[in-house]
Amino acid sequence: MSRTVNIVGAGPSGLFCSYLLIKAGMKVNLFDQMGGVGKKFLVAGNGGLNLTHSEDLEKFVTRYGEHSELFASLIGEFSPTDMREWCSSLGVETFVGSSGRVFPKKLKAADLLSKWLKFLKESPNFTLNLKHKLLSADLEGNLKFESPDGEISSYADYTVLSLGGGSWKKTGSDGKWVDYLKNLKLDIKEFYSMNCGFTIDWSELFLEDFEDDYLKNIKVTYGDRTVAGEVMITKYGIEGGAIYAHSSQIQKDLLNHIKSKIYIDLKPQLSEESIVEKLSRPRKKNSMSNHLRKVLNLSKLNLKLLREVVSKEEFKDINYLAKSIKHLPLELVTSRPIDEAISTSGGVSFESMDDDLMIKGSRSIYLAGEMLDWEAPTGGYLLQGCFSMSHHVVNSILSKSS
Ligand SMILES: Cc1cc2nc3c(=O)[nH]c(=O)nc-3n(C[C@H](O)[C@H](O)[C@H](O)COP(=O)(O)OP(=O)(O)OC[C@H]3O[C@@H](n4cnc5c(N)ncnc54)[C@H](O)[C@@H]3O)c2cc1C
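Residues numbered from 1 in each chain as written. Predicted model: local features only at pLDDT ≥ 70, side-chain atom pairs only at ≥ 80, totals over all residues. Heavy atoms only, no water.

**Q** Sorry, what's going on with the sheet that holds strand 9 (residues 150–154) here?
**A** Hydrogen bonding along the main chain pairs the strands of a sheet, whether they run parallel or antiparallel. Read from one edge to the other, the open sheet built from 3 strands follows the order 7-8-9, with strand pairing classed as antiparallel. The outermost strands of the open sheet, each flanked by one partner alone, are strand 7 (133–137) and strand 9. Neighbour-to-neighbour, the strand axes of this sheet turn through a mean angle of 25°, independent of strand direction. Note: strand 7 against strand 8 (residues 143–147), 4 bridges, orientation antiparallel. By the bridge assignment for strand 8, Ala-137 is matched with Leu-143. (Pairing = 2+ DSSP bridges. Helix = DSSP H or I, 4+ residues; strand = E, 2+ residues; numbered from the N terminus. Axes fitted to C-alpha atoms, helices over the stretch in contact; angles between N-to-C directions.)

See the structure below:
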């Protein structure tokens, strides 16, 4: 007789559990508090859905920091190659971008999500319960929901909770489950912004006539780590891939009241010496700003940033300017609000879970995805982490049900 699994949370983690369980012939009741599925997944597709990464697995798993050993094992079970094959099996082809990141050919998430959902809905074993907000759960697997028909209860052989992290509340990932799951006596760490922007105290002069703008082909150094990429300079501070890559360490330092200064290399392709050599060329009647623009091709934003950090006197000194162009210091004050973050750290500690990702002390409740306390940078590592966890959870359910 096929077993039934209640899955709460219809983000990529819950949807992938549903897919694998239906494929294996199990019955699935999927619940979500929103009126549609995969809302954050759809948002993730807005800027190009980065599903996973093509780099060596050895390097890949280091992206999970202190949990790299756990993820080495999870990703060993369901790898980036498996992810691409799974997409292809649904009729969604993927490609590797120049940075090694993997995207669906159509870039957006909607096509993949609709094919995924179509597969589920075609199964008589699948039930989708939208607008069902989980209000409580106990260790036996008894669930209570607020639904359009009032409060309802549900129980199944197994339960998977995949309720997401604490950012982008409007997608349903509101983190309120922290209160609803009190009965489960989980060790839950506070949520913090990850893969997020930071504020900078720009001067009034800097903000005069200022529009948000990108710095492309730059390098950002924080501590002893340097990342190439791009950032967006905004009225409130700084955003973008090359900052997100450092955000975990910056966030930790800010929380420990350690001043966080990043250094931007505005001209990574030129050495400091060659910048000095170019700036030493005759300036004729050009102002220093015009000279910088002409000999180094510095943009308006580059010049504005230099003006922001370099004093009037220093601006006349080509050696100092060259140093600043290669090593432009910017002090970060705070992280941007958690609701804007791409992901959050915090959530249920792995201390509360057994090796199968089942809650210790329960015999039927699993957790998967961003609601657990792990973190990874952007680059496809978040979704790959969620998929690999779901695969692991489903393997455990199937092995217990056989
Ligand atoms: C702007 C943005 C861009 C991103 N881009 C990428 C990217 O390119 N690549 C990448 O790897 N990752 C990306 N991410 C991160 C990725 O989307 C998340 O890591 C992923 O969605 C987490 O999946 P999840 O299923 O664990 O949780 P979620 O997707 O957050 O889903 C959780 C679900 O649980 C439901 N829920 C919560 N509480 C309850 C409750 N009490 N009752 C019922 N239902 C509930 C929610 O409604 C939601 O549907 C991006 C995120 C954002 C915000």
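Further notes follow.
**Q** Whenever I open this one, the site of the ligand confuses me. Can you help?
**A** What surrounds the ligand is a group of 32 residues, the closest being Asp-32, Asn-50, Ser-173, Glu-370 and Leu-383. One of the side-chain nitrogen or oxygen atoms of Asp-32 is found 2.6 Å away from an oxygen atom of the ligand. A distance of 2.8 Å separates an oxygen atom of the ligand from a polar backbone atom of Leu-383. In isolation the ligand exposes 1000 Å². Once the protein is present, 95% of that is buried. Going through the elements one at a time, helix 1 (12–23), helix 2 (39–44), strand 7 and helix 14 (381–401) are the ones with two or more residues in the shell around the ligand. Considered class by class, the residues forming the shell around the ligand number 14 nonpolar, 14 polar and 4 charged. (Near = heavy atom within 4 Å. Polar contact = N/O pair within 3.5 Å; in protein donor to acceptor, adjacent residues only side chain to side chain. Areas by Shrake-Rupley, 256 points an atom, 1.4 Å probe, with all protein chains shown as cover. Nonpolar A, V, L, I, M, F, W, Y, C, P; charged D, E, K, R; others polar.)

**Q** Explain the sheet that holds strand 4 (residues 94–96) to me, please; I cannot follow it from the model alone.
**A** Sheet architecture is open: 3 strands sit in the order 3-5-4, paired in antiparallel fashion. Strands at the two margins of the open sheet, each flanked by one partner only, are strand 3 (52–53) and strand 4. Pairing of strand 3 with strand 5 (residues 101–104) involves 2 bridges; the strand directions are antiparallel. Considered in strand 5, the bridge of Thr-52 is made with Val-102.

**Q** Is there a simple way to explain the domain arrangement of the chain in this structure?
**A** Think of interface size as the accessible area that goes away when the parts come together; that is how it is often given. The assigned domain composition of the chain is domain 1 (4–194 + 341–401) and domain 2 (198–332). Averaged C-alpha coordinates put domain 1 and domain 2 at centres separated by 39 Å. Each side of the interface is counted separately: domain 1 has 6 residues, and domain 2 has 6 residues. Around 580 Å² of area is buried between domain 1 and domain 2 when both sides are counted, 61% of it from carbon and sulfur atoms. On the domain 1 side of the contact with domain 2, Tyr-192, Met-194 and Glu-375 bury the most area, a combined 54% of that side's loss. Across the domain 1-domain 2 interface, the total number found is 2 residue pairs in polar contact (both at pLDDT 80 or more). (Domains from an automatic or database assignment. Contact = heavy atoms within 4.5 Å. Buried area = accessible area lost by both parts, 1.4 Å probe.)

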